[in-house]
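# Notes for the structure review
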Amino acid sequence: MARTPKLDINTLVADRRKAGINQFDFWTRYGVTQSGGSRYESGRNMPKPLKVLIALHRAGKITDKDLAGAVS
C-alpha cells in the first residue's frame, strides 16, 4: 500500500509566506477556499488527496499550469 506523503504544514506555511503569497491565492490553486486553507494551517487534518496533490506540486511533478487547468 502506498504511503501518504509527509507534509509539514509549518514548512508549507513558511514557504507560502516567504514567497509573499496570501492564503486565498495559495489555497485556491489547489481548489480549497481561503477559510479551508486557514483551518489546515491552524492544524485541522488535511484530506489525503490534497496532501498528495500538494506534495506532487512541491516536487515539481505537477505544474502551476496543470493546477490552473484542473481547478478552472
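Now for a description of the structure that goes with this document. Residue numbers here run from 1 along each chain, matching the order of that chain's written sequence. Thresholds applied to this predicted model are a pLDDT of at least 70 for local features of residues and 80 or more for the giving and counting of side-chain atom pairs; totals over whole chains, interfaces and linings are not thresholded and use all residues. Calculated side-chain values reflect all of the structure's heavy atoms, with hydrogen atoms and water omitted.

### A look at the overall build of the protein
Each helix and strand in the protein was counted, giving 5 helices and 0 strands. Secondary structure of the protein in N-to-C order comes out as α-α-α-α-α. Along the longest, intermediate and shortest principal axes, the C-alpha atoms of the protein span 35 × 30 × 20 Å. Exposed residues in this analysis have more than 50% of their type's maximum accessible area, buried residues have under 20%, and partly exposed residues fall in between, with area computed by a 1.4 Å probe over protein chains only. Expressed as a percentage of the 72 residues in the protein, the buried residues total 28%. Sequence-distant contacts, at least 24 apart, represent 49% of the contacts inside the protein between residues at least 6 apart. By the counting scheme adopted, Arg and Lys are positive, Glu and Asp are negative, and His together with the chain ends is not counted. Note on charges: their place is set at NZ of Lys, CZ of Arg, CG of Asp or CD of Glu. Once the 13 positive and 6 negative side-chain charges of the protein are each reduced to a mean point, those two points are 7 Å apart. Helix and strand definitions follow DSSP, with helices as H or I runs of at least four residues and strands as E runs of at least two, each counted in order from the N terminus. Every residue pair with non-hydrogen atoms within 4.5 Å of one another is taken to be in contact.

### Points about the side chain of Glu-41
For Glu-41, the location among the structural elements is in helix 3 (residues 34–41). For Glu-41, a relative accessible area of 15% corresponds to the buried category. Nitrogen and oxygen atoms within 3.5 Å of one another constitute a polar contact, given that in protein one can donate a hydrogen and the other can accept it, and given that sequence-neighbouring residues count only through two side-chain atoms. A polar contact of 2.9 Å, which involves the side chain of Glu-41, links it to the side chain of Arg-16. Once residues within four sequence positions are removed from consideration, Glu-41 is found in contact with Ile-9, Val-13, Arg-16, Gln-23 and Trp-27.

### Considering the packing of aromatic side chains
Note on aromatic contacts: the rings of Phe and Tyr and the six-membered ring of Trp form a pair at centre separations within 6.5 Å, being stacked when their planes are under 30 degrees apart, edge-to-face when over 60 apart, and tilted otherwise. Counted by the stated rule, this structure contains 4 aromatic pairs. An angle of 65° between the planes, with centres 5.4 Å apart, marks the rings of Phe-26 and Tyr-30 as edge-to-face. Put simply, the rings of Phe-26, Trp-27, Tyr-30 and Tyr-40 pair up and form one aromatic cluster.

### Details of the layout of surface pockets
By volume, the largest pocket amounts to about 190 Å³. Lining the largest pocket are 11 residues, and of these Leu-7, Ile-9, Arg-44, Met-46 and Lys-51 sit closest to its centre. Polarity classes work like this: nonpolar for Ala, Val, Leu, Ile, Met, Phe, Trp, Tyr, Cys and Pro, charged for Asp, Glu, Lys and Arg, and polar for all others, with Gly in that last group. Tallied by class, residues from the lining of the largest pocket come to 5 nonpolar, 2 polar and 4 charged. Points on a 1 Å grid over protein atoms alone make up a cavity when a 1.4 Å probe fits among them but cannot get out, and a pocket when they form an open set with protein on both sides within 12 Å along at least five of seven lines; lining residues each have an atom within 4 Å of a point. Grid points are joined across faces, edges and corners, and a volume is the space filled by probe spheres set on the points.

### Here we look at the nonpolar core
Formed by Leu-7, Leu-12, Phe-26, Trp-27, Tyr-30, Val-32, Tyr-40, Met-46, Leu-50, Ile-54, Ile-62 and Leu-67, the largest nonpolar core amounts to 12 residues. Of all elements in the fold, only helix 2 (23–28) and helix 4 (48–58) reach the threshold of two or more residues within this core. Excluding anything up to four places from it in sequence, Tyr-40 contacts Ile-9, Trp-27, Val-32, Asn-45, Met-46, Pro-47 and Leu-50. Only buried residues count toward a nonpolar core, which is a set of Ala, Val, Leu, Ile, Met, Phe, Trp, Tyr and Cys residues joined through side-chain atoms within 4.5 Å.

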